[in-house]
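Architecture and fold: a report
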Amino acid sequence: MDSDGTQNARGTHANPVPRPAVPPDVSAVPPRPTHAPGRPAPSGIADWLNESRPKVRPGIWRLGYRPPKGAEQEQRLSPMTIVGMVIPAVAGLIIWSFWLRGAIPYQWAPLRLVTPDDWWDAGTLVNPKAPAEGNESDGWGNQALIAYNGIAFVVIVSAMARLGSWGKAFRFYFARKPQPRRAALTALCALVALALVFPDAFPGAFWDPVPVVDPLLNLTIALSQGYDLLQSPLFVYSLYTVITLLVIWPFARAGDWPAYAKERLAARRSTGTDGPARPVAVPAAQWPALREAGQHQAADLLTAEVLAGRMSDVDCARLTHAWTHARHQGRLAEFTDAVLRHGSAALTHPSGARDLPARTAPHDLLVGQVRIGSWVPGDRTPLAYGGVGAALEPETLGTSLLVVGPSGSGKTRHVIAPVVESLALQALTGRCAVVAVGATGAALGPDASFDVVVRIGDPKSVYDLDPYAGTDDPDEAAALLAEALAGDLDTVGAQRAATSLAQLLGPYRAVHGAFPALPVLRELLEGEPSALTDLRTALTEERYAVLRRELDARVRQSGTPGDPGPVLADRLALLDRPAFADFFGAGDDTIRPFSLRAVAHHHLRVRIDLPERGHEEASRLLARLVLAQFTAVARESGRAHFACLVLDDATGAVTAESVRRIQRLRSQNAGVVLALRTVADVPEALHGPLYAAVGCRMALSGVTTWDGSRFAGAWGTEWVETTDVAQHTVFADQPMTRAMHALRKLVTGKAVTTEAVTVRQVERERWSASELAHGVPPGHAVLSLTNVKGEHAPPLLVDLRH
């Protein structure tokens, strides 16, 4: 919203937005979006906006979600729980009836222990003395008896409630009710409870009060040994108030009255203290959020755009997100002005694009979901998941996703491509930035779907990849390069490699004002005398004394047995090839350098094509470099949008340092998607840490038992109920019985047996390695999800073809 309302000017910021790879056709009035797979029809945008999107468990497609048949039954109390509530209630009634009859042994012993003997008639247990004239203490035994019965009643009710889990059952029942029904039901129950305690307050009451008020009054008399307190209206009404609050308090908790009251007060304040409350909810297609804030003119304009079919789902999601951002920033006037001037074309992406040229998967951009298939109903699948859509979204991708499946299993077609497409659409709405990395020709989307396309090794590429990620810090640049060059090597530690690189990058930048191109850096690492001498000569000034010491230390280390320079130079030689002559800072100005740091500041759509044929090792090195740069720039604060890196082939990209950084991404509003053909493409020592670092894991059809064992270990075990039926032959002792058994065996051909049924809880793996290797059908996968809030979806079977 720093621009004229349509898009930001390019090249005017500290981190300018790169131009799109294919310039879009942007006119004053964008063309009406066409209907295609994965996007709603223009005529159905209003219905799409008004469709319900309930809060559901992770991984469920929310658009128009309806709980499958039986899902509500899954949430019902089991018959055993209901029986467990009824039996204590019946037992409590029986015990109370015995108590009133005095049939419980020693039931009066505690009362006689704490009361004087002169309160009771001689020779009796609890027969109170009749009040005598002039002796007030003769009537206190009656008060003590009433109070004692009340205490016994409270103890019995509390014990039976605890034994029968009444509170748990009531909370379970009321928690499922929406407000205000929940508050109304609990208020009705509270009214019934008050009627039982205070029947005199209800005209026409024909029942006796439960022993609560009278015992408290008589207990007060017995303790104070007089009626003085009961003669005080303040004390009596205070006591009644306390009793009322104690009766109402459990129902207030079950009905969540405080939260509901706060919600109603907030709604009243938003509409004005004297204004009427909203009678009916306004449909989403009429932009109720704008109307509540008083922006009726902008809301009417957008409503007309929706009904006329001039808005796409991208426009709706973009303006909804922009409105939310404007409210938080206090910039409502700028938002309204842009909408009134440009309508549905207001606040578009800096590239000017308002949609992708094509879609291959269904998307719901209002909640940021992409549907990748459907959950398969089965014994393992909870009823809430059975048969409904399976979806991914930034909340789950924020914990990172690991996808493992052999070639041809559909990793790219069914998972990677839809995720990249979804993130690219969300980038157009201002919610995220995406970097997709794959081999040349990988089906990650057409060039027009991205703002930046970096084709490493292609002379026609418009962009070059900055190997230093746009940093000015020599130590940070050295750490990034060291991770890419030596992160997978055991012989050269990443710290030693970073130190050697920093000893060269610092002095070179101080002299030339920029970091060296990779061919020049290779010469310095190899210890080329002329290159080192020229650099040493340029550092003769006194202000370079510290840098001279750094360079001298590097020169002394050069050629020693433990020198990491030659190893790093050999790795850089993979990128110092004729095919890459114009890349990594070595080309002319025709190729624009692109820094991955831009995704931390802008909603960019980036695709990086890695060379494959003949340059496999170079591609793996570049993948490590991109992963290291992404995890480094994701740490920058002040970023409101989600950032995601998608590696279509993460072979050789995972290192010990990258695993540690991936673990921290979920708190930095970022995530990565790693696709592997097999877990063996990751060093064995990193298998466990990698599975622990990611929150979402997917095993596709065709994984080996070795890969399956890693998933089985990560998913752990669960308690299941098993039923064992054993048949035992019956041996009769009586002659007549033996004759009957012999006749039965003669007729049926089977011996007389009895069945012994054993039901027990056993612990077993959620998915065994054998089941993952041989039990997952083609086109299916087993997927577990965890979102950034910590909510889990267990590993379940997904049909990726629907």
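Thresholds, definitions, all that
- By convention here, each chain's residues receive numbers from 1 onward along its written sequence.
- Since the coordinates come from a predicted model, pLDDT governs what is reported: local features require at least 70, and pairs of side-chain atoms require 80 or more to be given and counted, while whole-chain, interface and lining totals use all residues.
- Calculated side-chain values reflect all of the structure's heavy atoms, with hydrogen atoms and water omitted.
- Runs of E in the DSSP output that reach at least two residues are strands. Runs of H or I that reach at least four are helices, and both are numbered from the N terminus.
- The rule is simple: take the accessible area with a 1.4 Å probe, protein chains only, and divide by the maximum for that residue type; under 20% is buried, over 50% is exposed, in between is partly exposed.
- We call two residues in contact when some of their heavy atoms are within 4.5 Å.
- Surface accessibility follows the Shrake-Rupley procedure with a 1.4 Å probe radius. Residue values consider only the protein chains on display as shielding.
- Take the buried residues of types Ala, Val, Leu, Ile, Met, Phe, Trp, Tyr and Cys, join any two whose side-chain atoms come within 4.5 Å, and each joined set is a nonpolar core.
- In this scheme Phe, Tyr and Trp rings, the latter by its six-membered ring, pair at centre separations within 6.5 Å, and the angle between planes marks the pair as stacked below 30 degrees, edge-to-face above 60, and tilted otherwise.
- Only when the NZ of Lys or the CZ of Arg is both within 6 Å of the ring centre and within 35 degrees of the ring normal is a charge said to sit over the ring.
- Disulfide: a pair of cysteine sulfur atoms within 2.5 Å of each other.
- Two strands are counted as paired when DSSP detects at least two bridges linking them.
- We call two N or O atoms a polar contact when they sit within 3.5 Å, provided that within protein one can donate a hydrogen and the other can accept it, with sequence-adjacent residues counted only if both atoms are side-chain atoms.
- Axes, fitted as lines to C-alpha atoms, cover a helix only where it is in contact. Angles between the N-to-C directions of the axes lie from 0 to 180 degrees.
- Convention used here: angles under 35 degrees read as roughly parallel, angles over 145 as roughly antiparallel, angles from 65 to 115 as roughly perpendicular, and any remaining angle as oblique.
- Three classes are used, and their members are as follows: Ala, Val, Leu, Ile, Met, Phe, Trp, Tyr, Cys and Pro are nonpolar, Asp, Glu, Lys and Arg are charged, and the others, Gly among them, are polar.
- Rotating anticlockwise by less than a right angle from the far helix to the near helix defines a left-handed crossing, while the corresponding clockwise rotation defines a right-handed one.
- As a per-residue measure, pLDDT tells how confident the predictor is, with possible values from 0 to 100.
- Like-charged residues are merged into a patch within 9 Å and nonpolar side chains (Val, Leu, Ile, Met, Phe, Trp, Tyr) within 5 Å, provided each residue has over 30% relative accessible area and no salt bridge.
- Each salt bridge in this description consists of a side-chain nitrogen of Lys or Arg and a carboxyl oxygen of Asp or Glu lying within 4 Å of one another.
- Counted as positive: Lys and Arg. Counted as negative: Asp and Glu, with His and the chain ends omitted from the count.
- When we speak of the arc, we mean the arc of directions from the helix axis to the C-beta atoms.
- A helix is expected to span 1.5 Å multiplied by its residue count minus one.

Some points on the overall build of the chain
Along the backbone of the chain there are 28 helices and 16 strands. Here the chain holds 802 residues, and 45% of them are scored as buried. Residue pairs at least 24 apart in sequence account for 72% of intrachain contacts in the chain once pairs closer than 6 positions are excluded. Carbon together with sulfur atoms contributes 57% to the accessible area of the chain, which is approximately 40,200 Å² in total.

With respect to the nonpolar core
Counting residues in hydrophobic clusters, the biggest one holds 92 residues, and the most contacted among them are Leu501, Leu521 and Ile608. Looking at this core, the element that brings in the most residues is helix H23 (residues 616-633), giving nine residues. Not counting residues up to four positions away in its chain, the partners in contact with Leu521 are Tyr468, Leu481, Leu501, Leu504, Leu505, Pro516 and Leu572. In terms of nonpolar packing, the next biggest core, distinct from the first, is built from 41 residues, Ile60, Ile372, Ala675 and Cys696 among them.

Things to note about the packing of aromatic side chains
The tally for this structure, following the rule as stated, stands at eight aromatic pairs. The structure contains a cluster of three or more aromatic residues connected by ring pairs, namely Phe580, Phe583 and Phe584. Over the ring of Trp48 we find Arg53; its NZ or CZ atom is 4.9 Å from the centre of that ring. One residue, Arg380, lies across the ring of Trp767, its end atom 4.1 Å from the ring centre.

Some words on the state of the cysteines
Evaluation of the coordinates by the stated rule reveals zero disulfides. Cysteine Cys644 shares no disulfide, and the gap to the nearest cysteine sulfur, in Cys432, comes to 7.8 Å. Judged by its relative accessible area of 0%, Cys644 falls in the buried class.

Brief notes about the pairing of strand S2 (residues 369-375)
Within S2, six of the seven residues are buried, which leaves it mostly tucked inside the rest of the structure. Hairpin connection between strand S1 (residues 363-364) and S2: a loop of four residues separates the two successive antiparallel strands, and Gly368 in this loop has a positive phi of roughly 75°. In terms of strand pairing, S2 meets strand S3 (residues 389-392) through four bridges, oriented antiparallel. Opposite Arg371, over in S3, you have Ala391 as the bridge partner.

What to know about the environment of Asp488
In this structure, Asp488 sits in the loop between helix H17 (474-486) and helix H18 (494-512). Spatially, the C-alpha atoms of Asp488 and Glu657 are 9.8 Å apart, while their sequence positions differ by 169 residues. Polar side-chain contacts of Asp488 include one of 3.4 Å to the side chain of Arg624.

Here we look at the packing of helix H13 (residues 313-329) against helix H14 (residues 332-342)
If you want to describe how two helices pack, look at the angle between their axes and the distance between the axes. Running from amino to carboxyl end, H13 crosses H14 at an angle of 150°, the nearest separation of the two axes being 8 Å. Here H13 lies roughly antiparallel to H14, going by the angle between them. For the pair H13 and H14, the contacting residues are Leu319, Ala322, Trp323, Ala326 and Arg327 in the first and Leu332, Phe335 and Val339 in the second. Here the contact of H13 with H14 is composed, by residue class, of seven nonpolar, no polar and one charged.

Some words on the packing of helix H7 (residues 181-197) against helix H9 (residues 233-255)
With their axes 9 Å apart at the nearest point, H7 and H9 run at an angle of 155° to one another. Relative to H9, H7 is oriented roughly antiparallel. Considering the relative orientation of H7 and H9, their crossing is right-handed. Residues Arg182, Ala183, Thr186, Cys189, Ala190, Ala193, Leu194 and Val197 of H7 form the contact with H9, whose own contacting residues are Ile243, Thr244, Val247, Ile248, Phe251, Arg253, Ala254 and Gly255. Looking at the contact of H7 with H9, its residues break down into eleven nonpolar, three polar and two charged.

Considerations on the confidence of the model for the chain
The share of residues in the chain with pLDDT of 70 or more is 86%, and the mean pLDDT across the chain is 82. In this model residues 273-279 is a low-confidence stretch, pLDDT under 50, and it forms six contacts with partners more than four residues away in sequence or in other chains.

Overview of the environment of Arg331
Tracing the backbone through its elements, the reader meets Arg331 in the loop between H13 and H14. Its relative accessible area of 23% is what places Arg331 among the partly exposed residues. A polar side-chain atom of Arg331 sits 3.1 Å from a polar atom in the side chain of Glu334.

Looking at a nonpolar patch on the surface
There is a patch of nonpolar side chains on the surface, built from Val86, Val90, Ile94 and Phe98 and spanning about 330 Å² of accessible area. Mapped onto the elements of the fold, Val86 is located in helix H3 (residues 79-101). Looking at Val86, the relative accessible area reads 45%, which means it is partly exposed.

A short note on the side chain of Arg697
Checked against the element boundaries, Arg697 lands in strand S12 (residues 696-700). For the buried residue Arg697, which engages in no salt bridge, the nearest side chain bearing the opposite charge is Asp707, 13 Å off. A distance of 2.8 Å separates the side chain of Arg697 from the backbone oxygen of Tyr691, its partner in a polar contact. Within the local environment of Arg697, its side chain forms a polar contact with the backbone oxygen of Val694, the two atoms lying 3.3 Å apart. Arg697 has contacts with Leu401, Leu402, Tyr691, Ala692, Phe711, Ala714, Trp715, Val782, Leu783 and Ser784, leaving out every residue within four places of it along the chain.

Some remarks on helix H26 (residues 705-715)
Those residues of H26 not exposed but buried are Asp707, Gly708, Phe711, Ala712 and Trp715. One side of H26 holds all its buried residues, which, seen down the axis, span an arc of 140°. Of the exposed residues in H26, the ones pointing more than 90 degrees away from its buried face are Trp706 and Gly713. Just past H26, the residue Gly716 takes up positive phi, approximately 75°.

Looking at unusual backbone geometry
Its identity as a non-glycine residue notwithstanding, Ser400 has a phi of 75°, on the positive side. Positive phi is not limited to glycine here, since Asn669 has a value of about 55°. When you line up the elements, Asn669 lands in the loop between helix H24 (656-663) and strand S11 (670-676). Note on Asn669: relative accessible area 32%, which makes it partly exposed.

Quick look at the pattern of salt bridges
Under the counting rule described, the total for this entry stands at 33 salt bridges. Put simply, Arg380 and Glu771 hold a salt bridge, and the shortest N to O gap is 2.8 Å. Of the two residues, Arg380 is situated in the loop between S2 and S3 and Glu771 in helix H28 (residues 769-774); the sequence distance between them amounts to 391 residues. For Arg380, a relative accessible area of 28% corresponds to the partly exposed category. Between Arg597 and Glu476 there is a salt bridge, and its shortest N-O distance comes to 3.2 Å. Note that Arg597 is positioned in the loop between strand S8 (592-594) and strand S9 (605-610) and Glu476 in helix H17, a separation of 121 residues in sequence. Residue Arg597 is classed as buried on the basis of its relative accessible area of 12%.

Some remarks on H17
Owing to its 3.6 residues per turn, the α-helix brings residues three or four apart onto one side. Counted at 1.5 Å a residue, the expected span for H17 with its 13 residues is 18 Å, and the 17 Å between its end C-alpha atoms agrees. Two or three places before Asp475, at the opening of H17, Asp473 has a side-chain oxygen 3.1 Å from that residue's backbone nitrogen.

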